[in-house]
Amino acid sequence: MVSRLRIGIIGCGEVTQIIHLPTLRQLNELFEVVAICDVSQKALDGVGDEWGIGARFIDFAELLALDSVDAVLIANPNAYHAAMTIAALRAGKHVLVEKPMCLNLAENDAIIVAAEETGKTVQVGTMRRYAPAFLEACQLVTELDEIRLAKAHDIIGRNSYVIEPTSRVVRGDDIPESVSEAMRQLEAEQIFAAIGDVPHALMTAYRMMLGLSTHDTSAMREMLGMPKRVLHASQRAKGRFLTATFDYGDFVCLFSTGGDNIPRYDTYLEVYGANCVIRVDYDTPYVRNMPITLSVLESSDGVYTSRSQRHPAWGDAFTEEWRAFHHNVINGKPSKTSPQDFRQDLVLFRDMIQMMGGARTIHDRCGS
Ligand SMILES: NC(=O)c1ccc[n+]([C@@H]2O[C@H](COP(=O)([O-])OP(=O)(O)OC[C@H]3O[C@@H](n4cnc5c(N)ncnc54)[C@H](O)[C@@H]3O)[C@@H](O)[C@H]2O)c1
């Protein structure tokens with residue numbers, strides 16, 4: 001294989017235009033974008049013209065048939081991720097698939113089988129886990145004598161608050177309504193297969209977990225391991241605000257997430273030892289190269305106390321994610337954000353939804 005990977009991109013929307021294409025251009029010595037696919041002719045031509053990419057396809061199968069493509073980025077709507085990941089693997093391509101990799105455990109297991117049978121790399125795009133500040137924090141956590149508490153917190157305003165004033169995005173607003181409707185129907189079926197027939201608020205909560213919480217829970221798992229169980233989980237604001245308590249035995253991790261109308265990122269992972277608090281703060285991914293910071297508060301004797309804040313490197317989490325993908329593909333290494341790893345998030349989300357349904361049952365039992 002050539003060391004400069006030739007990339008085909010499926011899905012030319014916001015994240016591809018604002019983040020992935022600039023990142024791939026920055027890493028020009030490692031990647032070349034050779035083909036793109038989108039069901040919107042407008043998005044396809046807008047992106048193709050802007051980035052000088054001639055090979056443009058409405059049908060992803062035509063892109064996958066190209067010998068000139070080594071690996072694909074899958075960045076179209078979530079409902080298609082599983083089928084396209086499997087199709088790409090079967091076509092002999094390595095895959096970087098945006099989160100969520102898929103929507104239910106059956107799809108996840110099918111991807112694991114396809115990856116094993118083809119021997120190709122699948123990397124899930126939970127990029128926060130590639131940030132140098134996060135990796136340094138993970139190392140510091142292993143050096144703690146004990147952990148007493150952890151927190152995973154993610155409250156964000158609408159992405160459009162950041163995107164509109166800072167980026168120009170070609171919108172694929174020429175897609176026939178029947179195509180969008182078919183996508184919504186497919187997604188509903190996939191979610192039904194995951195969590196059954198649940199009230200609308202729990203559907204919203206599950207979508208929230210797939211779309212946002214997987215960043216938090218997967219980083220939490222890398223830092224602390226898989227929790228023993230979900231002690232509590234609840235949803236409010238019609239499924240748009242979620243809380244949970246993950247039980248690690250000696251300590252718990254408090255999880256909270258939601259979306260509101262304030263243009264900011266209030267997103268962190270924090271671990272409390274006896275003498276030291278370690279925290280990683282993330283900012284919006286839509287402005288590239290915003291520093292992800294590591295903060296350490298510590299006291300050795302209960303008197304002398306220090307507080308430091310650092311970002312160990314310039315550079316975007318997405319850049320590090322792509323570098324890792326290149327390394328994994330070229331060296332035949334499994335990705336740490338693998339299909340097996342993503343499966344653990346789906347198990348947590350299923351357990352959280354069950355517990356949210358349980359709360360409703362108690363409510364029902366009270367007869368109110
Ligand atoms: N890692 C992150 O932080 C991050 C950030 C944003 C988005 N994402 C993920 O990236 C994906 C795309 O998000 P987005 O915000 O760019 O969405 P978007 O709606 O802006 O773009 C999706 C694009 O896919 C196209 N599309 C729809 N159906 C298609 C099909 N069948 N084949 C090919 N193209 C098709 C649409 O026309 C559109 O151009 C989502 O899965 C999202 O969860 C990840």
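Parameters at a glance
- Residues numbered from 1 in each chain as written.
- Predicted model: local features only at pLDDT ≥ 70, side-chain atom pairs only at ≥ 80, totals over all residues.
- Helix = DSSP H or I, 4+ residues; strand = E, 2+ residues; numbered from the N terminus.
- Rg over C-alpha atoms; globule rule 2.2 N^0.38 Å.
- Buried ≥ 20, exposed ≤ 12 C-beta atoms within 10 Å, placed from the backbone.
- Pairing = 2+ DSSP bridges.
- Axes fitted to C-alpha atoms, helices over the stretch in contact; angles between N-to-C directions.
- Contact = placed C-beta atoms within 7 Å.
- Parallel < 35°, antiparallel > 145°, perpendicular 65-115°, else oblique.
- Core = buried A, V, L, I, M, F, W, Y, C linked by C-beta atoms within 7 Å.
- Domains from an automatic or database assignment.
- Nonpolar A, V, L, I, M, F, W, Y, C, P; charged D, E, K, R; others polar.
- Near = placed C-beta within 6 Å.

Participant: Sorry, what's going on with the overall build of the protein chain here?
Facilitator: Along its length, the protein chain carries eleven helices and 14 strands. Here the C-alpha radius of gyration of the protein chain, 21 Å, is about what a compact globule of 368 residues would show, namely 21 Å. Projecting the C-alpha coordinates of the protein chain onto the three principal axes gives extents of approximately 65 × 55 × 45 Å. Burial status across the protein chain gives 41% buried among its 368 residues.

Participant: Would you mind going over the sheet that holds strand β13 (residues 293–299) with me for this structure?
Facilitator: Think of a sheet as strands paired side by side through backbone hydrogen bonds, with each pair either parallel or antiparallel. The eight strands lie next to each other as β8-β9-β10-β7-β11-β12-β13-β14, forming an open sheet whose pairing is mixed. The open sheet is flanked by β8 (229–236) and β14 (305–310), the only strands paired with a single partner. Strand-to-strand twist in this sheet, taken as the mean axis angle between neighbours without regard to direction, amounts to 10°. Direction of pairing for strand β11 (residues 265–272) relative to strand β12 (residues 276–282): antiparallel, over a ladder of six bridges. Bridged to Thr267 within β12 is Tyr282. Strand contacts of helix α6 (residues 132–142): β11, β12 and β13, with the helix running at about 160° to β12, the strand carrying the most contacts. In the packing of helix α9 (residues 200–224) onto the sheet, contacts are made with β7 (149–157), β8, β9 (241–247), β10 (252–260) and β11, and the angle to β10 comes to roughly 135°.

Participant: Help me out: how do you make sense of unusual backbone geometry in this one?
Facilitator: Apart from glycine, the bulk of residues carry a negative phi angle, and the bulk of peptide bonds sit in the trans form. A cis geometry characterises the amide bond from Lys99 onward to Pro100, with omega recorded as -10°. Within the secondary structure, Pro100 is located in the loop between β5 (94–97) and α5 (105–118). Look at Ala237: it is not a glycine, yet its phi comes out positive at around 50°. Summarising the element assignment, Ala237 is placed in the loop between β8 and β9. For Lys238, which is not glycine, the phi dihedral falls at a positive 55°.

Participant: Would you explain the packing of helix α8 (residues 177–195) against α9 in this entry?
Facilitator: Helix-helix packing is characterised by the crossing angle of the two axes and by the distance between the axes. Two elements in contact, α8 and α9, have axes separated by 11 Å at closest approach and are oriented at 95°. Judged on the interaxial angle alone, α9 and α8 are roughly perpendicular. Taken together, the residues of α9 that come into contact with α8 (itself represented by Ile191, Ala194 and Ile195) are Leu202, Met203 and Tyr206.

Participant: It is not clear to me how the nonpolar core should be interpreted in this structure. Could you clarify?
Facilitator: Across soluble globular proteins, you tend to see nonpolar side chains buried next to one another. If you look at the biggest cluster of nonpolar residues, it comprises 94 residues, and the most contacted ones within it are Ile10 and Tyr206. It is α9 that contributes the most residues to this core, ten residues altogether. Shared between two domains, this core holds at least three residues of each, these being domain 1 (5–128 + 321–337) and domain 2 (131–315 + 346–365). For Ile10, the contacting residues outside a window of four places in its chain are Cys37, Phe60, Leu63, Val72, Leu73, Ile74, Ala75, Asn76 and Met84.

Participant: What is the right way to read the domain arrangement of the protein chain from this model?
Facilitator: For interface size, the figure often reported is the accessible area lost on association. Taken as a whole, the protein chain is organised into domain 1 (5–128 + 321–337) and domain 2 (131–315 + 346–365). Relative placement of domain 1 and domain 2: their C-alpha centres are 24 Å apart. The interface is formed by 28 residues belonging to domain 1 together with 29 residues belonging to domain 2. Where the side of domain 1 that touches domain 2 is concerned, the elements lending two or more residues are α1 (14–26), α2 (41–51) and α5. Grouping the amino acids of the side of domain 1 that touches domain 2 by side-chain chemistry returns twelve nonpolar, ten polar and six charged.

Participant: What is the right way to read the sheet that holds β5 from this model?
Facilitator: Pairing in this open sheet of six strands is parallel, and the strands run β3-β2-β1-β4-β5-β6 from one edge to the other. The sheet is open, and its two borders are formed by β3 (55–57) and β6 (122–124), each paired with just one other strand. When the angles between neighbouring strand axes are averaged without regard to direction, this sheet yields 25°. Contacting β1 (5–10), β4 (71–74), β5 and β6, helix α4 (residues 81–90) crosses the sheet at an angle of about 160° to β5.

Participant: Could you clarify how one ought to interpret the site of the ligand in this entry?
Facilitator: Close contacts around the ligand come from 26 residues, with Gly11, Gly13, Glu14, Glu98 and Gly172 the closest. Here the shell around the ligand takes three residues from α1, the largest share from any one element. Per-class residue counts for the shell around the ligand are 13 nonpolar, nine polar and four charged. The residue makeup of the shell around the ligand includes at least three contributed by each of domain 1 (5–128 + 321–337) and domain 2 (131–315 + 346–365).

Participant: Is there a simple way to think about the packing of α4 against α5 in this case?
Facilitator: Contact geometry of α4 with α5 gives a least axis separation of 9 Å together with a crossing angle of 10°. Judged by the angle between their axes, α4 and α5 are roughly parallel. Across the interface between the two elements, Ala82, Thr85, Ile86, Leu89 and Arg90 from α4 touch Glu107, Ala110, Ile111, Ala114, Ala115 and Thr118 from α5. Split into classes, the residues belonging to the contact of α4 with α5 amount to seven nonpolar, two polar and two charged.

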